[in-house]
Amino acid sequence: MADQDRETLKELLQRLASKFVALFSFSSENKKDDEIEKNETLPSSLPPPLPATQSFLADIANAEADNPLPPLPLPFPDPEDIKYANDTEAYTSDKQAAESAVATFTAAAKIRGAAIAQVISKWLATNPYAMFRELLAQPRETMPIFKPAIGPVIVMRHTEVIKCLERTDLFTVDPYAAEMARATDDRSKHPEAFSHFMLGTDRDDLYRLDDVILRRAVSRADSALLQQLARDEAERWTHHAQNEGKGEIDIVPTIAKFVPLRIVSDYLGVHYYGFGEPSVLPGLRGGDSFPLSDDLQKVFSFTKIKEAIVPTSDQLFNWVKDAFRNIFNNFNSSYPRYSAFREQGIIATEYLSAYIFALLQYYKTQLLQSNPVPDTMLTRLIKMQLELEQNGQKFEEEITKLLNIPLPPGELARRLSDSMIRSNVFGTVVGAVVNPQEATTRIMDSMLRLQDGEYMFLHDSSYEQAVCSAKVEPDSAHYTESLERLRKYALEALRLKPQGEVLLRLCVKDNDVLGGVPLKKGTLVFAAYAAAMLDPEIVQNPSAFDVTRDERLVPYLSERERALEAPQSLIYLQHGYGRHKCLGRYASEITMQESLRAMLRLGPLKRRSELEMDEQNLYAVSLKIGF
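Just so it is clear, the structure is predicted and the values come from calculations on it, not from any experiment.

**With respect to the pattern of salt bridges**
Pairing between side chains of opposite charge can happen when their charged atoms approach one another.
Here is step 1 of the chain: Tallying each qualifying case throughout the model produces 49 salt bridges.
Here is step 2 of the chain: One salt bridge in this structure joins E492 and R549, with 3.0 Å as the shortest N-O distance. Of this pair, E492 sits in helix α18 (residues 479–496) while R549 sits in the loop between α19 (529–532) and β8 (553–554), and the two are 57 residues apart along the sequence. For the pair formed by E492 and R549, the shared burial category is buried.
Here is step 3 of the chain: The salt bridge partner of E561 is R560, with a shortest N-O separation of 3.4 Å.

**Quick notes on the sheet that holds strand β10 (residues 606–607)**
Here is step 1 of the chain: If you walk across this open sheet you meet the three strands as β3-β13-β10, and the pairing is antiparallel. Both edges of this open sheet fall to β3 (248–250) and β10, since each of them pairs with a single strand only.
Here is step 2 of the chain: For β10 and strand β13 (residues 624–626), the ladder comprises two bridges, and the chain directions are antiparallel. Paired with K606 across the strands is G626, a residue of β13.

**Considerations on the side chain of E134**
Here is step 1 of the chain: Examined against the element boundaries, E134 turns out to sit in helix α4 (residues 128–136).
Here is step 2 of the chain: A polar contact is formed between the side chain of E134 and the side chain of S55, at a distance of 2.4 Å.

**Structural notes on the sheet that holds strand β7 (residues 524–527)**
Backbone hydrogen bonds are what pair the strands of a sheet, in a parallel or an antiparallel way.
Here is step 1 of the chain: The strand order across the open sheet built from four strands is β1-β7-β6-β2, with neighbouring strands paired in mixed fashion. Of all strands in the sheet, those with a lone pairing partner are β1 (153–155) and β2 (171–172), marking the two edges.

**Quick word on the layout of surface pockets**
Here is step 1 of the chain: Its boundaries defined by the atoms lining it, the largest pocket holds a volume of some 480 Å³.
Here is step 2 of the chain: Lining the largest pocket we find 23 residues, and of these E484, R487, A566, Y586 and E589 sit closest to its centre.
Here is step 3 of the chain: Those elements that provide at least two residues to the lining of the largest pocket are α8 (223–244), α18, β9 (568–569) and α20 (585–600).

**Things to note about the packing of aromatic side chains**
Here is step 1 of the chain: Evaluated as defined, the whole model comprises 14 aromatic pairs.
Here is step 2 of the chain: Considering the side-chain rings of F56 and F146, the 5.3 Å spacing of their centres and the 65° angle between planes classify their relative orientation as edge-to-face. With F56 in helix α2 (residues 56–66) and F146 in the loop between α4 and β1, the pair connects residues that are 90 residues apart, well separated along the chain.
Here is step 3 of the chain: Judged by relative accessible area, F56 falls into the buried class, the value being 0%.
Here is step 4 of the chain: Residue classification places F146 among the buried residues on the basis of a relative accessible area of 4%.

**Section: the packing of helix α11 (residues 313–328) against helix α12 (residues 338–368)**
Here is step 1 of the chain: As a packed pair, α11 and α12 sit with axes 8 Å apart at the nearest point and diverge in direction by 125°. Relative to α12, the element α11 is oriented oblique. Regarding α11 and α12, the two cross each other, and that crossing is left-handed. The residues of α12 that touch α11, namely those facing L316, W319, V320, D322, A323, R325 and N326, are F341, R342, Q344, G345, I346, A348, T349, Y351, L352 and Y355.

**Remarks on the nonpolar core**
Here is step 1 of the chain: Ranked by size, the top nonpolar core spans 156 residues in total, and within it F56, L381 and M447 carry the most contacts.
Here is step 2 of the chain: Among the elements that line this core, the one with the most residues is α12, at 12 residues.
Here is step 3 of the chain: What F56 contacts, discounting residues up to four positions off in sequence, is V119, I120, W123, M131, E134, L135, F146 and I154.
Here is step 4 of the chain: Formed by 21 residues, the second largest nonpolar core is a distinct cluster that contains V153, V161, C507 and A532.

**Quick look at the pairing of β7**
Here is step 1 of the chain: In β7, alternate side chains face the same way, and those of L524 and F526 on one face and V525 and A527 on the other are all buried.
Here is step 2 of the chain: Pairing geometry for β1 and β7, over three bridges, is parallel. Bridging from a neighbouring strand, V153 pairs with V525 of β7.
Here is step 3 of the chain: Bridge count for strand β6 (residues 503–507) against β7 is four bridges, and the pairing is antiparallel. Across the sheet, L506 pairs through a bridge with L524, a residue of β7.

The rules behind these values
- Residues numbered from 1 in each chain as written.
- Predicted model: local features only at pLDDT ≥ 70, side-chain atom pairs only at ≥ 80, totals over all residues.
- Heavy atoms only, no water.
- Salt bridge = Lys/Arg side-chain N within 4 Å of Asp/Glu carboxyl O.
- Helix = DSSP H or I, 4+ residues; strand = E, 2+ residues; numbered from the N terminus.
- Buried < 20%, exposed > 50% of the residue type's maximum accessible area, 1.4 Å probe, protein only.
- Pairing = 2+ DSSP bridges.
- Polar contact = N/O pair within 3.5 Å; in protein donor to acceptor, adjacent residues only side chain to side chain.
- 1 Å grid on protein atoms, 1.4 Å probe; cavity = no way out; pocket = protein on both sides within 12 Å on 5 of 7 lines; lining within 4 Å.
- Points joined across faces, edges and corners; volume = space filled by probe spheres on them.
- Phe/Tyr/Trp six-rings, centres within 6.5 Å; stacked < 30°, edge-to-face > 60°.
- Axes fitted to C-alpha atoms, helices over the stretch in contact; angles between N-to-C directions.
- Parallel < 35°, antiparallel > 145°, perpendicular 65-115°, else oblique.
- Left-handed = near helix turned anticlockwise from the far one by under 90°.
- Contact = heavy atoms within 4.5 Å.
- Core = buried A, V, L, I, M, F, W, Y, C linked by side-chain atoms within 4.5 Å.

This is the structure in structure tokens:
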């Protein structure tokens, strides 16, 4: 009994870290004084650590010193101990003392953990690259990862970051799951409903089949279509800026916002309209309200909205951003606007769910009547559903062959139900706008820094060469090569200034696979992919701008369900790595490439403002560029 209680205490203390997620806004951007040094004594080495007065580790040490822990409580008394045989009062007294000691230690551990979390949060929000450089400069043998006595873990070295992202059996995406589940059916109404989106689960029985289905609907075979959509929208905004005659464009509310929004509308199939513009929904125009579907209300609970809306571009963008913020960035319950952001996220989820379902019903009716429909992710999923109903055995055999496991009877039909199509399109749309907007903004900010000489460049990777690549016309023999070079410029610019620095994972089993450091179940892990892309152990000349850098492409499940997927880069980790490599990676890379191309074709560019961020340093507000 004593051993059991002792182990329970240890587990409790180790799992305290899982409570600290509420203290983080872990995708902070717009850092102050965090740029890569232009001049390096040794190009393959990192700059020296900051002075102790500006040291992350010094701040951690101070936080630990200011928040001491009492001694670890002794084991709980064993009521079977012979000394308590005739003295129940002594047992009660000792038990109360042990309980008090546990409560005291637990309270102190929470305070310590909160203090550590605040230090990490501050550095992520204000100076992440200085923190990463300091951690990477520590000897590997003494600090393969950063693990405080109490608090979250930071994984900063390339080898361990890749291991963390690969080992989904040990480090899961569970922290994202709860808010994602708001877009799924209400189990009190639909007891058999799924409550996951694949980005929020690592259970093989849930993830793998959805992954196969969605990657049939969103494919790299669509590159030409995506390129045309992205180019048309990007050039629409550059031409608009030229016609205005001001010689200036703010990239955040224009190209960076509308290129991914156009892809959501015309490729994923969740359309937006100008106010009063006729929509595909019969009799409805942009901005119009319409009744919530009775069929949807049978399985989905609306708690905030009373009617649905055909969105304008601003409405759709705001829904996506509000839902994204709530799912990925709204963890700090002490933040003054936490409740407001949660409310906005729920409202956005309900509006998006109602609208996507209305589109689903409309397009399914059109397909059943053999009417033409646009080729989008949404209509492709509906077609799969109808194909399964008409020729289920053949379709199921194809899926089973890819997975190399038999499917439970009726499982494929459940995954292609209206409810799952609705929630999967929702999840894809929510991830398809904010990240590309932030990425495009940072790419342009980074390119302006390259132009101004803030980055050392290697192998003819100058700003001027990027401009030359952007000016190559489609009828040139060098056109394909020029697009590939622009893609590498975008990736390299984003490597030096990514749209976020860490991915959150939860340790679900005791293990020591990250550099041999023991981690307990319940530990929060920040996989610092931005640091990994600057790790001199793996990345040669990490602070230099080099578009000839070897991407180190490796296949992932190429003999199974991802046989049609492109290999994954071990160097450019902005879209993740392993199982959760971004579903929209092809659309995202094309968005970045085409947005950069359109901007560079404007003519000589000049920074008119610094990158302005919102109050939380999470999302870009403005980046004005003259031409």
